Amino acid sequence: QAKKAGKNHFKFYSLNEEDPNFNPLKLGMDLHQAIRKDELILHYQPKVSLHSGKIVGVEALIRWEHPELGLVSPGTFITIAEETGLIIPIGEWVLYTACQQNKRWQQKGFTTTVSVNLSPRQFTQSNLDETVARILLETKLEPQYLELEISENMAGDNERTFTALENLKSLGVRISIDDFGTGYSSLNFLQKFPVDTLKIDRSFVERMQTNEEDKTIVKTIISMAHNLNLNVVAEGIQTKEQLIFLQQHLCDEGQGFFFSKPIQANELEEALLEIQDVVRDFGLSQDVNER
Ligand code: C2E
Ligand code: MG
Ligand code: MG
Ligand code: MG
């Protein structure tokens with residue numbers, strides 16, 4: 001039982017449908033109270049430039065400190081939040097908290113971009129751009145330091161997606177296509193739509209070492225991104241070999257447990273220096289020009 005581990009030692013709880021503790025109705029009701037009861041938290045995972053070895057961004061990832069279950073992962077409750085509509089207030093809370101945290105880091109002299117995941121229901125809300133604009137104003141974060149991540153699966157090649165992206169883009173924020181390679185984006189979509197970054201899905205990075213086809217896919221995504229003038233990020237880097245392969249093939253940025261797991265805001269400040277040392281140890285050139 002997670003609770004036994006003590007308040008500050010949450011076990012990372014990943015419920016699934018077969019788990020006797022998994023009761024979507026109860027979770028939905030609990031989730032309703034979670035914002036008010038201050039049970040939601042953001043962890044941040046560093047995004048490292050594979051050219052310079054520097055941390056260039058952080059991704060905000062939500063967790064729920066459930067009073068009985070311990071730390072519940074987004075994989076367990078985001079779907080419930082989507083189905084109940086709670087994703088709208090939760091999504092706003094995430095945006096606000098991430099922007100506010102990034103502004104604080106900036107005031108401490110650490111300039112970085114914060115990436116926030118959007119869920120399908122949030123993304124298709126007609127006033128999402130107004131919400132984002134208001135939050136940027138309230139937190140005083142300049143728009144270029146906010147990146148919105150949209151999963152490839154929800155970015156259909158249609159007028160609606162185009163308008164939504166255009167409206168967000170006109171605020172000056174950055175747009176990233178998450179889990180790239182698992183959906184069906186056309187080249188036309190990537191060329192026409194106002195997108196800044198592709199994030200190679202972690203499944204390709206994971207299989208890269210054992211599967212030649214996955215290596216080819218990764219190389220192809222990197223060169224395609226560069227030909228379209230897009231920034232490319234690899235997620236789920238766990239080994240030195242993966243890092244070296246990606247660096248050799250000029251992938252711009254990387255994220256993964258090899259550098260750091262998602263951690264609390266205060267821990268991230270401490271991790272900053274350490275990660276740069278790790279990258280330097282693997283001989284990443286410090287003087288390659290940033291793209
Ligand atoms: P994502 O946006 O693709 O985030 C990356 C996920 O991969 C995170 O899982 C992260 O902890 C995990 N990860 C990072 N590096 C590694 C690695 O080296 N190895 C492995 N095995 N995993 C790694 P997490 O935090 O459980 O989030 C899962 C998904 O939940 C996210 O996938 C995102 O789609 C969604 N999510 C997370 N936070 C939010 C949020 O605030 N709002 C919304 N709408 N969705 C969120
Ligand atoms: Mg993401
Ligand atoms: Mg992803
Ligand atoms: Mg995802």
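Please refer to the structure higher up on the page.
Keep in mind that this is a model prediction, so the values were computed, not measured.

Caption draft 1: How the structure looks around the coordination of the magnesium ion (ligand 3). Every protein donor of the magnesium ion (ligand 3) is accounted for by Asp178 (OD), Asp179 (OD), Glu235 (OE) and Glu235 (OE), and the metal-donor separations fall at 2.2 to 2.4 Å. Sequence spacing among the residues donating to the magnesium ion (ligand 3) works out to D-D-x55-E. Separating the magnesium ion (ligand 3) from the magnesium ion (ligand 2) is a distance of 4.2 Å, and Asp178 supplies a donor atom to each of them. Separated by 56 residues along the polypeptide, Asp179 in strand β7 (residues 174-180) and Glu235 in the loop between β9 (231-234) and α10 (240-248) bring together distant segments of the chain.

Caption draft 2: Molecular detail of the pairing of strand β2 (residues 40-49). Along β2, ten of the ten residues are buried, which leaves the element largely enclosed by surrounding structure. In β2, alternate side chains face the same way, and those of Leu40, Leu42, Tyr44, Pro46 and Val48 on one face and Ile41, His43, Gln45, Lys47 and Ser49 on the other are all buried. Judged from the nine bridges that link them, β2 and strand β3 (residues 55-66) form a sheet pairing that is antiparallel. What sits directly across from His43, in β3, is Leu61. Hairpin connection from β2 to β3: five residues lie between these consecutive antiparallel strands, with Gly53 at a positive phi of about 80°. Bridge count for β2 against strand β10 (residues 253-254) is two bridges, and the pairing is antiparallel. Looking across to β10, one finds that Val48 is bridged to Gly254.

Caption draft 3: Molecular detail of the coordination of the magnesium ion (ligand 2). For the magnesium ion (ligand 2), the protein coordination sphere consists of Glu59 (OE), Asn117 (OD1), Glu149 (OE) and Asp178 (OD), at 2.0 to 2.2 Å. For Asn117, a relative accessible area of 28% translates into the label partly exposed. The class for Glu149 is buried, based on a relative accessible area of 1%.

What counts, and where the lines are drawn
- Residues numbered from 1 in each chain as written.
- Chains lettered and ligands numbered in written order.
- Predicted model: local features only at pLDDT ≥ 70, side-chain atom pairs only at ≥ 80, totals over all residues.
- Heavy atoms only, no water.
- Donors = N, O, S within 2.8 Å, 3.2 Å for Na, K, Ca; no water.
- Helix = DSSP H or I, 4+ residues; strand = E, 2+ residues; numbered from the N terminus.
- Buried < 20%, exposed > 50% of the residue type's maximum accessible area, 1.4 Å probe, protein only.
- Pairing = 2+ DSSP bridges.

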